[in-house]
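# Breakdown of the fold
These are the residues of each chain, in order.
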Amino acid sequence: MKKLPLLVLTSLFLACKPGQPTVTPTPPVSTTESDVTLKGTAPFPMGASVDPGLLANKSAYRDRVLKEHNSITAENAMKWGWLHPSEKVFDFKDADGIVTFAQQNKMRVHGHTLLWHNGPTWISNFYGDSLAWENLMKTHIETVAGHFKGKVASWDVVNEAFRDNGTLRNGFDTDNSIWAAKLGPDYIARAFRYAAAADPNAVLFYNDYGQEGNPAKTAAIVSLVNDFKKRGIPIHGIGLQMHISLSTNIAGVETALKELTATGLKIHLSELDVNMSNFQKNPALRYSDALAQQQREKYRQVVSAYKKLVPAAQQFGITNWNVGDGDSWIRQLIQPNDWPLPFDEGYARKPAWFGMIDGLKE
Ligand code: G3I
């Protein structure tokens, strides 16, 4: 028998060693890939949320972003905690890096997000009367939207203000909104006014998750938009995050798309991913061809529904929430055994990518 070199033997030993991570890598679909791309196939912008560290340090990540996408969103780098780490300090370094990358490569930048109940702890500890709280919100929005004026095309002005049952998040615990509690329910309208004043050309979005399964939430968002229109509050788009799973019912997605499209606003699938674990912790879950095919079909259905149900003038685009499976928030925050994105850990195309292409071609 041919002798194996020591390096190969060592790698084999390490590969078989018990106690290795349980996440099975996604097998690549093929080693050669076609010139077909998401952005080349879609009649609207195709985006990904990005991490500045990965963009700077991982060439396979950067190459995949550049090849497939013409729009980017900062996954975290434009949130309060990153841009505004304490009351008097703003730090634009990471976010500016993303904007420069986009400018160099002629990509659109979508801003996420000016106001969210999930913020740094210094906000919960902020002390002041209602005027001081109003000033805190206003200063943040004016400073950030002003800093990126002309560079960031659009903003998720307010993120996740409603609960799934359509009521406004309003309270002091982690799942509630300190902004509603301190400033009253009309804080959303004022946030949009401040954003429009700071950057009159930015496309302003309300962004939320779960409309596809919660008619009450969709109704609340539609009624917010109608109220804003009546009162002349600037709002131009609705973001459906679309963190969905294999068990998501496509009929619910279609209903939400129809109802939100009827507002006449732009529609952004702003954070699309399709998890395989159905949001359940399941350490025994393994990647399989059967799951990959189900995921491909779900991606196809969603992309096809967006393309068919949203008129061209309202199609702001589709953005995936990061690029490869290894970068997904699902692994980070829900469970490590999942494969939610169109690209694998090495940024090769998965069946999910083919599902997106199929949907775009329909
Ligand atoms: O950068 C720190 C690192 O220094 C530290 O060692 C590590 C320890 O936990 O935390 C790192 O920060 C984490 C950060 O992601 C970057 O990885 C935060 O803890 C973690 O909370 C943060 O999670 C982000 C989450 O929003 C909260 O901001 C996810 O990456 C991001 O994908 C997720 O995105 C949200 C959208 O903004 C809104 N819609 C839902 C979506 C998914 O939850």
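Remember, it's a predicted structure, so these values are computed and weren't measured experimentally.

## Digging into the overall build of the chain
Tallying secondary structure elements over the chain gives 15 helices and nine strands in all. The C-alpha radius of gyration computed for the chain amounts to 21 Å, which stays within 12% of the reference 21 Å derived for 362 residues, consistent with globular compactness. Its C-alpha atoms give the chain principal-axis dimensions of about 80 × 45 × 40 Å. Summed over all atoms, the accessible surface of the chain reaches about 15,800 Å², with 56% contributed by carbon and sulfur.

## Some remarks on the site of the ligand
Neighbouring residues of the ligand: 16 residues in total, closest Glu-75, Lys-79, His-112, Glu-271 and Gln-332. When the ligand sits alone it has 790 Å² of accessible area, and the protein chains cover 55% of it. Placement of the ligand is best described as lying within the largest pocket. Contributions of two or more residues to the shell around the ligand are made by strand S3 (108-116) and helix H14 (329-334). Here the shell around the ligand gets three residues from one element, more than from any other, and that element is H14. In terms of residue class, the shell around the ligand is made up of five nonpolar, seven polar and four charged.

## Brief notes about the packing of helix H11 (residues 215-231) against helix H12 (residues 250-261)
For the pair H11 and H12, the least separation of the axes is 10 Å and the interaxial angle reads 10°. Classified by the angle between their axes, H11 and H12 sit roughly parallel to one another. Here Thr-218, Ile-221 and Val-222 of H11 lie close against H12, whose contacting residues are Ala-256, Glu-259 and Leu-260. Across the contact of H11 with H12, the residue classes break down as four nonpolar, one polar and one charged.

## Some thoughts on empty space enclosed by the protein
Enumeration over the complete set of coordinates arrives at one cavity of 30 Å³ or more. Its volume calculated, the largest cavity comes out at about 30 Å³. Leu-115, Trp-116, His-117, Val-158, Asn-159, Glu-160, Ala-161, Ser-177, Trp-179 and Tyr-187 are the residues that line the largest cavity. Of all the elements in the fold, those that place two or more residues in the lining of the largest cavity are S3 and strand S4 (154-159). A breakdown of the residues in the lining of the largest cavity according to their chemical character gives six nonpolar, three polar and one charged.

## Details of the packing of aromatic side chains
Applying the stated rule across the entire model yields 14 aromatic pairs. Taking the centre distance of 6.0 Å and the plane angle of 50° together, the rings of Trp-80 and Trp-122 count as tilted. Of the two residues, Trp-80 is situated in helix H5 (residues 80-83) and Trp-122 in helix H7 (residues 121-124); the sequence distance between them amounts to 42 residues. Residue Trp-80 is classed as buried on the basis of its relative accessible area of 4%. Within the aromatic cluster, the residues linked to one another by ring pairs are Trp-80, Trp-122, Phe-126, Trp-133 and Trp-179. Between the NZ or CZ atom of Arg-108 and the centre of the ring of Phe-316, over which it lies, the distance is 3.7 Å. Taking the ring centre of Tyr-209 as reference, the NZ or CZ of Lys-217 above it sits at 3.8 Å.

## Here we look at the nonpolar core
One finds Met-78, Phe-148, Trp-155, Val-158, Trp-179, Tyr-187 and Phe-192 to be the most contacted residues of the largest nonpolar core, which totals 103 residues. Of all the elements, helix H10 (residues 187-198) adds the most residues to this core, at nine residues. If we ignore the near neighbours within four places in the chain, the residues touching Val-158 are Thr-113, Leu-115, Tyr-187, Ile-188, Ala-191, Phe-192, Phe-205, Tyr-206 and Asn-207.

## Focus: the side chain of His-112
Relative to the helices and strands, His-112 is located in strand S3. We classify His-112 as buried; its relative accessible area is 2%. Of the polar contacts made by the side chain of His-112, one reaches the side chain of Asp-156; its length is 2.9 Å. Not counting residues within four places of it along the chain, the set of residues in contact with His-112 comprises Thr-73, Ala-74, Glu-75, Met-78, Lys-79, Trp-155, Asp-156, Asn-159, Asn-207, Glu-271 and Trp-321.

## Quick notes on the layout of surface pockets
Taken as a whole, the largest pocket holds about 880 Å³ of empty space. In terms of lining, the largest pocket is formed by 34 residues, of which the most central are Trp-116, Glu-160, Gln-241, His-243 and Trp-329. When contributions to the lining of the largest pocket are tallied by element, the ones reaching two or more residues are H5, S3, strand S7 (243-245) and H14. Residue classes in the lining of the largest pocket are distributed as ten nonpolar, 16 polar and eight charged. One number sums up the size of the second largest pocket: a volume of about 210 Å³. Along the walls of the second largest pocket sit 14 residues, with His-117, Gly-119, Ser-124, Asp-173 and Ile-178 positioned nearest its centre. For the lining of the second largest pocket, the secondary-structure elements that each account for two or more residues are H7 and helix H9 (178-183). Partitioned by chemical class, the residues of the lining of the second largest pocket number six nonpolar, seven polar and one charged.

## Structural notes on H11
Residues lying three or four places apart along an α-helix face the same way, a consequence of the helix completing one turn every 3.6 residues. The end-to-end C-alpha distance of H11 is 24 Å, a good match for the 24 Å that 17 residues give at a rise of 1.5 Å each. All buried positions along H11 are accounted for by Lys-217, Thr-218, Ala-220, Ile-221, Val-222, Leu-224, Val-225 and Phe-228. The secondary structure elements touched by the buried residues of H11 are H10, strand S5 (203-208), strand S6 (237-240) and H12.

What counts as what
Residues numbered from 1 in each chain as written. Predicted model: local features only at pLDDT ≥ 70, side-chain atom pairs only at ≥ 80, totals over all residues. Heavy atoms only, no water. Helix = DSSP H or I, 4+ residues; strand = E, 2+ residues; numbered from the N terminus. Rg over C-alpha atoms; globule rule 2.2 N^0.38 Å. Areas by Shrake-Rupley, 256 points an atom, 1.4 Å probe, with all protein chains shown as cover. Near = heavy atom within 4 Å. 1 Å grid on protein atoms, 1.4 Å probe; cavity = no way out; pocket = protein on both sides within 12 Å on 5 of 7 lines; lining within 4 Å. Sits in = over half its atoms within 2 Å of the grid points. Nonpolar A, V, L, I, M, F, W, Y, C, P; charged D, E, K, R; others polar. Axes fitted to C-alpha atoms, helices over the stretch in contact; angles between N-to-C directions. Parallel < 35°, antiparallel > 145°, perpendicular 65-115°, else oblique. Contact = heavy atoms within 4.5 Å. Points joined across faces, edges and corners; volume = space filled by probe spheres on them. Phe/Tyr/Trp six-rings, centres within 6.5 Å; stacked < 30°, edge-to-face > 60°. Buried < 20%, exposed > 50% of the residue type's maximum accessible area, 1.4 Å probe, protein only. Lys NZ or Arg CZ within 6 Å of the ring centre and 35° of its normal. Core = buried A, V, L, I, M, F, W, Y, C linked by side-chain atoms within 4.5 Å. Polar contact = N/O pair within 3.5 Å; in protein donor to acceptor, adjacent residues only side chain to side chain. Expected span 1.5 Å × (residues − 1).

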